[in-house]
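A structural walkthrough
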Amino acid sequence: MATNRSSHKNWMTIKNRWSKQYKQGVESFIEFAMVNSGAQAKIWCPCIDCLNSKTPCSEVVRIHLILKGIFFLQTTGEASQSGCPLTDKVLSRSNLGEAKYYARGFGLA
């Protein structure tokens, strides 16, 4: 059974980052990012602190996503309805436009 693209993003809205579903989503994301990064050993980190501005190794990305959460933009509706861990700190970042650009590359926005 084929799944649509939005179903691959469901894990991003899970508030319990220690849940099995969230961790499975993180693993799927990292696998996807590594496969699509070419020969790169590092991938963009979409955590709420890095905002896709750093390229650590996949293990660091895994740790960031579990401990800090993923920066996730809803392209429709209000951010407050997304259930995502958006904070004033994230929304005030000067590189928000850049984060949106890289997030699109990973199918996040």
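Since this is a predicted model, take the numbers as computed values, not measurements. (Residues numbered from 1 in each chain as written. Predicted model: local features only at pLDDT ≥ 70, side-chain atom pairs only at ≥ 80, totals over all residues. Heavy atoms only, no water.)

**Remarks on helix α2 (residues 58–67)**
Quick note on the threshold: Only protein chains enter the accessibility calculation, which uses a 1.4 Å probe; a residue is then buried when its area is under 20% of its type maximum, exposed when over 50%, and partly exposed in between. Secondary structure elements are defined from DSSP: runs of H or I of at least 4 residues count as helices, runs of E of at least 2 residues count as strands, and each element is numbered from the N terminus.
Listing the buried residues of α2 in full gives S58, V61, R62, H64, L65 and I66. Looking one or two residues beyond α2, the residue adopting positive phi is G69, at roughly 95°.

**Details of the nonpolar core**
Our working rule: Among buried residues, those of type Ala, Val, Leu, Ile, Met, Phe, Trp, Tyr and Cys that are joined through side-chain atoms within 4.5 Å constitute a nonpolar core. Residue contacts follow a heavy-atom distance rule, with two residues in contact if any of their heavy atoms lie within 4.5 Å.
Ranked by size, the top nonpolar core spans 16 residues in total, and within it W11, Y22, V26, F29, V61, L65 and I70 carry the most contacts. Contributions of two or more residues to this core are made by α1 (20–35) and α2. Ranked by residue count, the leading element in this core is α1, at 5 residues. Setting aside chain neighbours within four positions, we find L65 in contact with W11, R17, Y22, V26, F29, P46, C47 and I70.

**Brief notes about the pattern of salt bridges**
Note the threshold: A side-chain nitrogen of Lys or Arg and a carboxyl oxygen of Asp or Glu constitute a salt bridge if their distance falls within 4 Å.
Within this structure, the stated rule accounts for 3 salt bridges. The residue R62 makes a salt bridge to E27 at a minimum N-O spacing of 2.6 Å. Of this pair, R62 sits in helix α2 while E27 sits in helix α1, and the two are 35 residues apart along the sequence. Residues E59 and R62 are paired through a salt bridge, measuring 2.4 Å at the closest nitrogen-oxygen approach. Separated by 3 residues within a single helix, E59 and R62 lie in helix α2, roughly one turn from each other. When salt bridges that share partners are traced, they join E27, E59 and R62 into one network.

**Section: the packing of aromatic side chains**
Heads up, the rule is: The rule is short: rings of Phe, Tyr and Trp, with Trp giving its six-membered ring, pair when the centres are within 6.5 Å, and they are stacked under 30 degrees, edge-to-face over 60, tilted in between.
The final tally for this structure, using the stated rule, is 2 aromatic pairs. Aromatic pair W11 and F29: ring centres 6.3 Å apart, planes at 45°, arrangement tilted. Separated by 18 residues along the polypeptide, W11 in the segment before α1 and F29 in helix α1 bring together distant segments of the chain. Assigned by exposure class, W11 and F29 land together as buried. One aromatic cluster is present, formed by W11, Y22 and F29 through successive ring pairs.

**Focus: the environment of K54**
Among the structural elements, K54 can be located in the loop between α1 and α2. Along the primary structure K54 and K42 are separated by 12 residues, whereas in three dimensions their C-alpha atoms are 9.2 Å apart. In this view, K54 contacts I43, W44 and C45; residues no more than four positions away in its chain are not counted.

**Observations regarding the environment of G25**
Considering the arrangement of structural elements, one finds G25 in helix α1. Residue classification places G25 among the buried residues on the basis of a relative accessible area of 6%. Through-space distance from the C-alpha of G25 to that of K9 is 7.9 Å; in sequence the pair is 16 residues apart.

Treat this as a map of the structure, not an account of what it does.
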